[in-house]
Amino acid sequence: MDAVVGAIATPDVMEQRHGPVCGAGANREGEAIDMKREWLVYLGLLLVTLIWGNVFVANKYLLQFTSPYHLAALRFVPAGLLFGLFVLIAMRREALALLRDVRWKMFWLCLFGVVLNTLALTIGQQSVPAGAGSLVASTNPLFTFILSAIFLGERPTLKKVFGLALAFAGVVIIVRFAGGQEFDVPYLLGFIVLIGSPFFWAIYTIMAKPIIARHGALVVTATTTALGSIPFLFLFA
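Residues numbered from 1 in each chain as written. Predicted model: local features only at pLDDT ≥ 70, side-chain atom pairs only at ≥ 80, totals over all residues. Heavy atoms only, no water.

> Describe the overall build of the protein chain, naming the residues involved and giving the relevant values.
When helices and strands are tallied, the protein chain shows 11 helices and 0 strands. In sequence order, the protein chain lays out its α and β elements as α-α-α-α-α-α-α-α-α-α-α. The burial tally for the protein chain puts 32% of its 237 residues in the buried class. Sequence separation of at least 24 residues holds for 85% of the intrachain contacts in the protein chain that already meet a minimum separation of 6. (Helix = DSSP H or I, 4+ residues; strand = E, 2+ residues; numbered from the N terminus. Buried < 20%, exposed > 50% of the residue type's maximum accessible area, 1.4 Å probe, protein only. Contact = heavy atoms within 4.5 Å.)

And the structure:
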């Protein structure tokens, strides 16, 4: 028995016994870190959802006191200044490399992702309630799906087609019957203008996808916001 105990306690055997245990511990630590990061991602998505959901309520309230053009400027001029400072201080080289690489594409990203997207949202919300407006904006995946199939060659599946068609039908029904107001011409026109917002954002998403893959999401988003806010400065004139 003493010989067995002595053999088990030798350094070689102890290393063989405890090596895998240490490896398992390291694996558990890695899994814990991955889980923490996953929860942070979900928390970030929840925060984005809460902020984005309140945008429609805030827009509808502020449209009582200002025009949709001034509201768009009030939203993006401060954001553009902050992102512009961030780019100049922290990402100047990355932003210059981005502009050298895709100069004209950045023009279209700013146009669709910032200017047209924001104006369609604020103009359309003049006659569409906040709740219905948020549902209209949720059609963005539908437009992204269609444009991805056309321009990126992504193959649509029957599940995706059915799911998106069902979701879109639900949005239309809710907008039509739960808008809280008469379905008249101004409401219909507001709905048509408002649906341009997710459509323009889908165009931005498709165009930005390969650029983000090369340069990174942060520099593309920051530069697009900073440059895209410039046209709104003229709305204050």
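> Tell me about helix α3 (residues 68-90), residues and numbers included.
Across its 23 residues, α3 extends 33 Å between first and last C-alpha, which sits within 8% of the 33 Å expected from 1.5 Å per residue. Within α3, the full set of buried residues consists of P68, L71, A72, A73, F76, V77, G80, G84 and V87. (Expected span 1.5 Å × (residues − 1).)

> Give a description of helix α9 (residues 185-215) that names residues and reports values.
Between its first and last C-alpha, α9 extends 45 Å over 31 residues, near the 45 Å set by a 1.5 Å rise per residue. Along α9, the largest kink reaches about 40 degrees and is centred on A208; proline P210 follows within four residues of it. Positive backbone phi, approximately 100 degrees, marks G216, located one or two places after α9. (Bend = angle between axes of the 7 residues up to and from the residue.)

> Tell me about the packing of helix α4 (residues 92-101) against helix α10 (residues 217-228), and name the residues and values.
Where α4 meets α10, the axes come as close as 10 Å, and the angle between the chain directions of the two elements is 75 degrees. Regarding the angle of α4 to α10, the classification is roughly perpendicular. Contact residues: E94, A95, L98 and L99 in α4; V219, V220, T223 and L227 in α10. Here the residues of the contact of α4 with α10 sort into 6 nonpolar, 1 polar and 1 charged. (Axes fitted to C-alpha atoms, helices over the stretch in contact; angles between N-to-C directions. Parallel < 35°, antiparallel > 145°, perpendicular 65-115°, else oblique. Nonpolar A, V, L, I, M, F, W, Y, C, P; charged D, E, K, R; others polar.)

> So what's going on with the side chain of Q125? Residues and values would help.
Tracing the chain through its elements places Q125 in the loop between α5 (103-124) and α6 (130-137). The buried category is assigned to Q125, whose relative accessible area is 0%. Apart from residues no more than four positions distant in its own chain, Q125 is found in contact with V55, F56, N59, K60, L63, A130 and L194.

> Account for the environment of S67, naming residues and giving values.
Among the structural elements, S67 can be located in the loop between α2 (11-62) and α3. Classification of S67 by relative accessible area gives partly exposed; the value is 25%. In the structure, S67 is positioned 55 residues away from T122 in sequence and 8.6 Å away in space, judged by C-alpha atoms. There is a polar contact of 3.0 Å between the side chain of S67 and the side chain of H70. (Polar contact = N/O pair within 3.5 Å; in protein donor to acceptor, adjacent residues only side chain to side chain.)

> How would you summarise the environment of A222 if you had to cite specific residues and measurements?
By the element assignment, A222 lies in helix α10. When the C-alpha atoms of A222 and L82 are compared, they prove to be 9.0 Å apart, with 140 residues separating the residues in sequence. Beyond its immediate stretch of four places on either side in the chain, A222 contacts F83, F86 and V87.

> Give me the nonpolar core: which residues, what numbers.
V136 and V175 are the most contacted members of the largest nonpolar core, which totals 22 residues. Counting only elements with at least two residues in this core, the list comes to α2, α5, α6, α7 (140-152), α8 (158-177) and α9. Of the residues forming this core, the biggest block, 8 residues, is contributed by α9. Not counting residues within four places of it along the chain, the set of residues in contact with V136 comprises V171, V175, F191, L194, I195 and P198. (Core = buried A, V, L, I, M, F, W, Y, C linked by side-chain atoms within 4.5 Å.)

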